[in-house]
Amino acid sequence: MTTDIIAVTGATGALGRLVLDRLRERVPPERIVAVVRDPGRIDGVEARRGDYDEPESLAAAFAGVDRLLLISSPELDPARRVAQHRNAIAAAGHVKLLAYTSLLGAERAGPGVAEAHHATEALIRAAGVPYAMLRNPFYTEAFAHPGLRDLDELTSGTGGRGLNTATRADLAEAAAAVLTGDGPGGRAHDLTGPLWTYPELAELLGIPYREEPPAGPMGYLHGLAKAGLLERQTDDLRALLGRAPTGITAAIR
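In what follows, the accompanying structure is described.

Rules of the game
Residues numbered from 1 in each chain as written. Predicted model: local features only at pLDDT ≥ 70, side-chain atom pairs only at ≥ 80, totals over all residues. Heavy atoms only, no water. Pairing = 2+ DSSP bridges. Helix = DSSP H or I, 4+ residues; strand = E, 2+ residues; numbered from the N terminus. Axes fitted to C-alpha atoms, helices over the stretch in contact; angles between N-to-C directions. Contact = heavy atoms within 4.5 Å. Phe/Tyr/Trp six-rings, centres within 6.5 Å; stacked < 30°, edge-to-face > 60°. Buried < 20%, exposed > 50% of the residue type's maximum accessible area, 1.4 Å probe, protein only. Arc of directions from axis to C-beta. Polar contact = N/O pair within 3.5 Å; in protein donor to acceptor, adjacent residues only side chain to side chain. Parallel < 35°, antiparallel > 145°, perpendicular 65-115°, else oblique. Left-handed = near helix turned anticlockwise from the far one by under 90°. Nonpolar A, V, L, I, M, F, W, Y, C, P; charged D, E, K, R; others polar.

**Some points on the sheet that holds strand β8 (residues 187-190)**
In step 1: Taken together, the seven strands give an open sheet; going across it, the order is β3-β2-β1-β4-β5-β6-β8, and neighbouring strands pair in parallel fashion. In the strand order of this sheet, the two ends are held by β3 (46-49) and β8, each with one partner. The sheet shows a mean angle of 20° between the axes of neighbouring strands, taken without regard to direction.
In step 2: Direction of pairing for strand β5 (residues 97-103) relative to strand β6 (residues 131-136): parallel, over a ladder of six bridges. Residue T101 lies in a different strand from β6, and its bridge partner there is L134.
In step 3: Contacting β5 and β6, helix α4 (residues 115-127) crosses the sheet at an angle of about 165° to β5.

Here is the structure:
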């Protein structure tokens, strides 16, 4: 495995930087390539310029790469996001493994947050390259963050239902395990962290809990939780980590 060249796109992002850190623990740095729009922001490994909107830059960035982690574009428009991913997939037709940071539930078609991921997974399968779909849940950090300690009370619109979030650190470690492992391609990893609830989080913080749905995008996510759509559990993340995923108590501490 140490002879393979591993590339990570979006390597200056919050997840991408963590993946680079985990890869450095597993393989020599000269076997790691960071594909970013601004190579000057990368230290310690080879940096190549690659822009999802510029196919020619991706072809050059992926040259000689054996294993690629395609971190999904932050673009919000599904059509443009899929087009960007299509550019990357086309440039990666030679790789031994194409791993993609998808979303839990992306196996189902339909509008919503998983729409672009579902379409991207279909493009990857059609490309005929060995693949690994890393279907990540929502990040724990989106719900449980240091600012909560300044609150007098904790509110949510989840109805006390469970959330199967996972920390970025755990998901980065799982991605590194897939990129450096010997497992077969052609499978999806449905990644889930331990269930937690907002009342439990309020108790950990030592503050009262009250049911009140938030406005904006978080209100949508809380609605998913209230409908029981974030309670799915699998052993896939545990298997990749070789340990229990980080729970809410450890994440807060």
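Next comes the rest of the account.
**Looking at the packing of aromatic side chains**
In step 1: Scanning all chains against the criterion turns up two aromatic pairs.
In step 2: Relative to W196, the ring of F143 has its centre 6.1 Å away and its plane inclined at 70°; by these criteria the two rings are edge-to-face. Of this pair, F143 sits in the loop between β6 and β7 (154-156) while W196 sits in the loop between β8 and α6 (198-205), placing them 53 residues apart in sequence.
In step 3: Pairing W196 with Y198 gives two aromatic rings, centres 5.3 Å apart and planes at 50°, and the pair type is tilted.
In step 4: For Y198, a relative accessible area of 3% corresponds to the buried category.

**Let's talk about α6**
One turn of an α-helix holds 3.6 residues; hence residues three or four places apart share an orientation.
In step 1: Of the residues making up α6, those classed as buried are Y198, L201, A202 and L205. Seen from one end, α6 has its buried residues packed into an arc of 100°, which puts them on one side.
In step 2: Elements that come into contact with the buried residues of α6 comprise β7, β9 (209-211), α7 (217-226) and α9 (248-252).
In step 3: Its side-chain oxygen at 3.1 Å from the backbone nitrogen of E200, T197 defines the N-terminal cap of α6.
In step 4: G206 occupies a position one or two residues after α6 and carries a positive phi of about 75°.

**A short note on the packing of helix α1 (residues 14-24) against helix α5 (residues 168-180)**
In step 1: Orientation of α1 relative to α5, taken along the N-to-C sense of each, is 50°, at an axis distance of 8 Å. If you check the angle between α1 and α5, you find them oblique. For the element pair α1 and α5, the recorded crossing hand is right-handed. Where α1 abuts α5, its residues A14, L15, L18, V19, R22 and L23 lie against R168, A169, L171, A172, E173, A175, A176, L179 and T180.
In step 2: Taken together, the residues that form the contact of α1 with α5 break down as eleven nonpolar, one polar and three charged.

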